[in-house]
Every structure is written in structure tokens, then in C-alpha cells.
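An overview of the molecular structure
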Amino acid sequence: MTRDPSADSRINAEAIRRRKGGVPIVCLTAYTYPVARLLDPHVDLLLVGDSVAMVLHGHATTLGASLDMMIAHGQAVMRGSARACVVVDMPAGSYEASPAQAAAAAKRIAEETGCQAVKLEGGVDMAAQIAAIIAAGIPVMGHIGLQPQSVEKDGGYRIKGRTEENIAALFRDAEAVEKAGAFSVVIEGTMEAVAAKLTRHISIPTIGIGASADCDGQILVIDDMVGLTVDRVPKFVKEYADLRSVVASAAERYAAEVRSRAFPGSDHVFTTASGKDET
Ligand code: KIV
């Protein structure tokens, strides 16, 4: 089923901004049409994260995401949702060079997907990029704390906010993102007390991942949340289902039935000349 985007009455970025300090904002990543359809009734915001490069495409880091990849997944998630605010990640290499580069890439994402907003990683260093994208009419979600696109530069996935110097830098980043006009900001992999303090300090909603229950909302990677992640599951993830076992067991039973010719059974084949059994 393809949905008509003009019939959408979606939650927009401004509605998310107004949720500061209110009922926590429910966010999940989504990368595909069927998953977007399943999640849409339950969440406020769907993020087409550049984590898609790792989760669906098997890259070692999010640096494997490209603009074309993000646009293709953004389009699928928009087709599969009608209610949630859809935010598409800007991949590494598409915005850091200059505010003009950032605005051009964000415009391509917004025009080709119809998403409500884009997200990019960075604080003080990316404030000009955030402002330029907003000046082009596209809302921006910031992303501070642990920034997966900088993982090679940082020497690994390192939790932020453990030293006074780093805490001060986080506050500068949060203030810069807010001042540049972002409607919300993801705080990832940051000491609990620091994330809680940052949430109280700024006027835009904070969306936590590996941060604090005091953030204005939470986000998880969908495959982690449903127990589909086959490699290491980060400490901050809570698995609400065990789809690894469900998929493995279904594959095991299917293989056995194919080998024994139990599948396809009489319900799954066509036998009448009239065509009455086609559905
Ligand atoms: O790419 C992603 O999935 C993200 C979330 C983890 C916030 O940026």
C-alpha cells in the first residue's frame, strides 16, 4: 500500500520543540517501509539514522552511509508512515565542509524524501551549518555527546562527560546547537548526571540514547530494541523482544520442511482450473 503524502497530518518539528519538559518524546530509528508502518502508530518521531549503514548494510561504522543511501531509506520510511515526524540523518562528508555544502545536501534530502527535518552531528563546530540549513527552511535536530561519525578520530566509542573539561565542552555544544536554532538535540553516550543537567540547561528537547531518563525523550536503534542485532549489543540498549531467536527458529523449521517436502503443503499451491484458489 502506498500512502498519499499530501494526506499526511504529521507531527512536525515545531510540535516536537513544544514538548520540552512535557510527556517524554518517543523516538526510534526506522530504515524500511514495513518497519515504519509497524512503528508509526506508537512513536512521535522516526529517525532514518545513518546507523542504517551498519544495521542493514553491514558497514563497520556509520561512515559507510552515503547521501543516496539516506535518501532511499528516507523515501521508504516516508511511504510507510503517516503520523510520525520523520528526521533523516545527514551522512558524514555531506555537510562538514561549509554551511553552503550543508544547506545543499539538506535541501536534496528534504526535497527528495519529503521528511520533516534533518539531523547532523556536532556542536560549536557545526553551528554555522545548522543555521544555514534552517535559513534554507529545513528544521534541524542536533546530535552531541558521543558522535559515531567521529569514532575513528576519537579512537573508539567513548562515553562523554567524565572530565570537567569535557563537561564544559558539552555545555558549549548544547548552547551552540540551541542558539543556531535546532528544534531538538540528541545526547548520545553521555554520563547520566551530565545529560540530566544539560536537559535542564537548554530550552529545546533533549533526546537521550545512553544518556538519562531525565532527557525530554529517548531513542534506540530499532534492530537493537527488538533483539535483531547479531553483533555486540551496547549496554544502554534494552531488548524488548528476541527476534534473533524468532528468525533463527523460523529459518530452521522452514529448512526442515523444504528438505522433507512438507512445504509447500496443499494450502500453499494452486490446484483448481477455475482460478478460485488464487487468494
Ligand atoms: O544513526 C542513528 O541511529 C542515530 C541514533 C543512534 C541517534 O544517530
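Let me sum up the structure you'll find in this document. It should be emphasised that the depicted structure is a prediction, and the values quoted were computed from it without experimental measurement. (Residues numbered from 1 in each chain as written. Predicted model: local features only at pLDDT ≥ 70, side-chain atom pairs only at ≥ 80, totals over all residues. Heavy atoms only, no water.)

**Here's the deal with the environment of arginine 162**
For arginine 162, the location among the structural elements is in the loop between α7 (151–154) and α8 (164–180). A residue is classified by how much of its surface remains accessible, and arginine 162, at 58% relative accessible area, is exposed. For the pair arginine 162 and glycine 93, spaced 69 residues apart in the sequence, the C-alpha separation amounts to 28 Å. (Helix = DSSP H or I, 4+ residues; strand = E, 2+ residues; numbered from the N terminus. Buried < 20%, exposed > 50% of the residue type's maximum accessible area, 1.4 Å probe, protein only.)

**Side note on the pairing of strand β5 (residues 140–145)**
Among the six residues that make up β5, six are buried, leaving the element largely enclosed by the rest of the structure. The sheet contact formed by strand β4 (residues 117–119) and β5 spans two bridges and is parallel. Each bridged residue has a counterpart across the sheet, and for valine 118 the counterpart in β5 is valine 140. Between β4 and its parallel partner β5, the chain crosses via helix α6 (residues 127–135), and the hand of that crossover is right-handed. (Pairing = 2+ DSSP bridges. Right-handed = clockwise from strand over helix to strand, strands pointing away.)

**A closer look at the pattern of salt bridges**
Once their charged atoms are close, side chains differing in charge can pair, the charge on each being opposite to the other. A complete count under the given rule lists eight salt bridges for this structure. Arginine 108 is the salt-bridge partner of aspartate 68, the closest N and O atoms lying 2.9 Å from each other. Remark: arginine 108 occurs in helix α5 (residues 99–113) and aspartate 68 occurs in helix α4 (residues 67–80); sequence separation between them is 40 residues. What makes arginine 108 partly exposed here is its relative accessible area of 31%. Among the ionic pairs, aspartate 154 bridges to lysine 160, the shortest N-O distance being 3.0 Å. Salt bridges linked by common partners bring Asp68, Arg108 and Glu112 together as one network. (Salt bridge = Lys/Arg side-chain N within 4 Å of Asp/Glu carboxyl O.)

**What about unusual backbone geometry?**
Geometrically, the link from phenylalanine 263 to proline 264 is a cis peptide bond, its omega value of 0° lying close to zero. Mapped onto the fold, proline 264 is located in the segment after α11 (243–260). The residue arginine 261 is not glycine, and still its phi comes out positive at about 65°. Assignment of secondary structure puts arginine 261 in the segment after α11. For arginine 261, a relative accessible area of 75% gives the class exposed.

**Describing the site of the ligand**
Residues in close proximity to the ligand include Thr29, Leu47, Gly49, Asp50, Ser51, Asp89, Lys119, His143, Val186, Ile209, Ile219 and Val221, which together make up its full environment. Between the ligand and aspartate 50, the relevant distance is 2.9 Å, taken from an oxygen atom to a side-chain nitrogen or oxygen of the residue. Across the shell around the ligand, the residue classes break down as five nonpolar, four polar and three charged. (Near = heavy atom within 4 Å. Polar contact = N/O pair within 3.5 Å; in protein donor to acceptor, adjacent residues only side chain to side chain. Nonpolar A, V, L, I, M, F, W, Y, C, P; charged D, E, K, R; others polar.)

**Some words on a nonpolar patch on the surface**
Taken together, the side chains of Leu228, Leu243, Val246 and Val247 present a nonpolar region at the surface, about 300 Å² in accessible area. Checked against the element boundaries, valine 247 lands in helix α11. (Patch = residues over 30% accessible without salt bridge, like charges linked within 9 Å, V, L, I, M, F, W, Y side chains within 5 Å. Areas by Shrake-Rupley, 256 points an atom, 1.4 Å probe, with all protein chains shown as cover.)

**Topic: the side chain of glutamate 188**
For glutamate 188, the position within the fold is in strand β6 (residues 184–188). In this structure glutamate 188 is buried but unpaired, with lysine 119 as the nearest side chain of opposite charge at 6.2 Å. Setting aside chain neighbours within four positions, we find glutamate 188 in contact with His143, Ile144, Gly145, Leu146, Pro148, Ile209 and Gly210. (Lys, Arg positive; Asp, Glu negative; His and termini not counted. Contact = heavy atoms within 4.5 Å.)

**Things to note about α11**
Between its terminal C-alpha atoms α11 stretches 25 Å, which fits the 26 Å expected from 18 residues at 1.5 Å a residue. Arginine 261 sits one or two positions beyond α11 and adopts a positive phi of about 65°. (Expected span 1.5 Å × (residues − 1).)

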